[in-house]
Amino acid sequence: MMRTAIYPGSFDPPTRGHEDLVRRSLLLADRVVVAVAVNVSKQPLFPVEERLQMLRAAIGDDPRISFQSFDGLLAEFAKRVGASVIVRGLRAISDFEYEFQMALMNRQLHPSLETVFLVPAVDLTYLSSSLVREVARFGGDVGSLVHPAVAQALASRFSR
Ligand code: PNS
């Protein structure tokens, strides 16, 4: 039976950490749906279409990986795409409480959907989209933290 994992997030913007997690997800599943949330409570820097484009550029073509946006509940979207596993990255203890709450809520909403936490490569554990946005906003070099297409998008967003 084909196992589908869903890797959801804001990806605002995608980082090398997200790319690492997508690759690791393929060790657990035959197919990974990278799911970009439209309606997160935060006001995103990039519109959802641009986040999808950046993800496609950063991750590249692989028939096992697809990219979709979703609105509303993740648990409902996971059902629609036939996913049995949600993949989330766990970088540090500070991530844990929020992730634990989300995993339990998603189980409440969709009992047969399991959440699996993956640990990123050690040199990427400090990395987050919000830090990347902040460094780029103030003109810092994010070249080693994101794919060149993402660095380019950040540069044009913050060009003065
Ligand atoms: O990258 P992020 O911002 O940590 O991702 C959070 C995300 C998008 C996975 C989460 O906010 C989410 O699943 N939003 C969809 C709405 C939903 O299902 N909320 C209840 C989850 S418990």
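Residues numbered from 1 in each chain as written. Predicted model: local features only at pLDDT ≥ 70, side-chain atom pairs only at ≥ 80, totals over all residues. Heavy atoms only, no water.

Caption draft 1: Highlighting the side chain of Ser-25. When you line up the elements, Ser-25 lands in helix H1 (residues 16–25). In this structure Ser-25 comes out as buried when scored by relative accessible area, which is 0%. (Helix = DSSP H or I, 4+ residues; strand = E, 2+ residues; numbered from the N terminus. Buried < 20%, exposed > 50% of the residue type's maximum accessible area, 1.4 Å probe, protein only.)

Caption draft 2: Focus on a nonpolar patch on the surface. Taken together, the side chains of Leu-73, Met-105 and Leu-109 define a hydrophobic patch exposed on the protein surface, amounting to about 270 Å² of accessible area. Counting through the fold element by element, Met-105 comes out in helix H4 (residues 93–109). On the basis of relative accessible area, Met-105 is assigned to the partly exposed category, the value being 49%. (Patch = residues over 30% accessible without salt bridge, like charges linked within 9 Å, V, L, I, M, F, W, Y side chains within 5 Å. Areas by Shrake-Rupley, 256 points an atom, 1.4 Å probe, with all protein chains shown as cover. Salt bridge = Lys/Arg side-chain N within 4 Å of Asp/Glu carboxyl O.)

Caption draft 3: Inspection of the sheet that holds strand E4 (residues 85–89) at higher detail. Strand order across the open sheet formed by 5 strands is E3-E2-E1-E4-E5, with parallel pairing between neighbours. Both outer strands of the open sheet, strand E3 (65–70) and strand E5 (114–118), are each paired with one neighbouring strand and no more. Going from strand to strand, the sheet's axes swing by 30 degrees on average, the running direction of each strand aside. Sheet topology places strand E1 (residues 4–9) next to strand E2 (residues 31–37); 6 bridges connect them, and they run parallel. Within the sheet, the bridge partner assigned to Pro-8 lies in E2 and is Ala-35. In the packing of H1 onto the sheet, the strands contacted are E1, E2, E3, E4 and E5, and the crossing angle to E4 comes to about 145 degrees. The strands touched by helix H3 (residues 74–81) within the sheet are E1, E2, E3 and E4, with E1 carrying the most contacts at an inclination of about 150 degrees. (Pairing = 2+ DSSP bridges. Axes fitted to C-alpha atoms, helices over the stretch in contact; angles between N-to-C directions. Contact = heavy atoms within 4.5 Å.)

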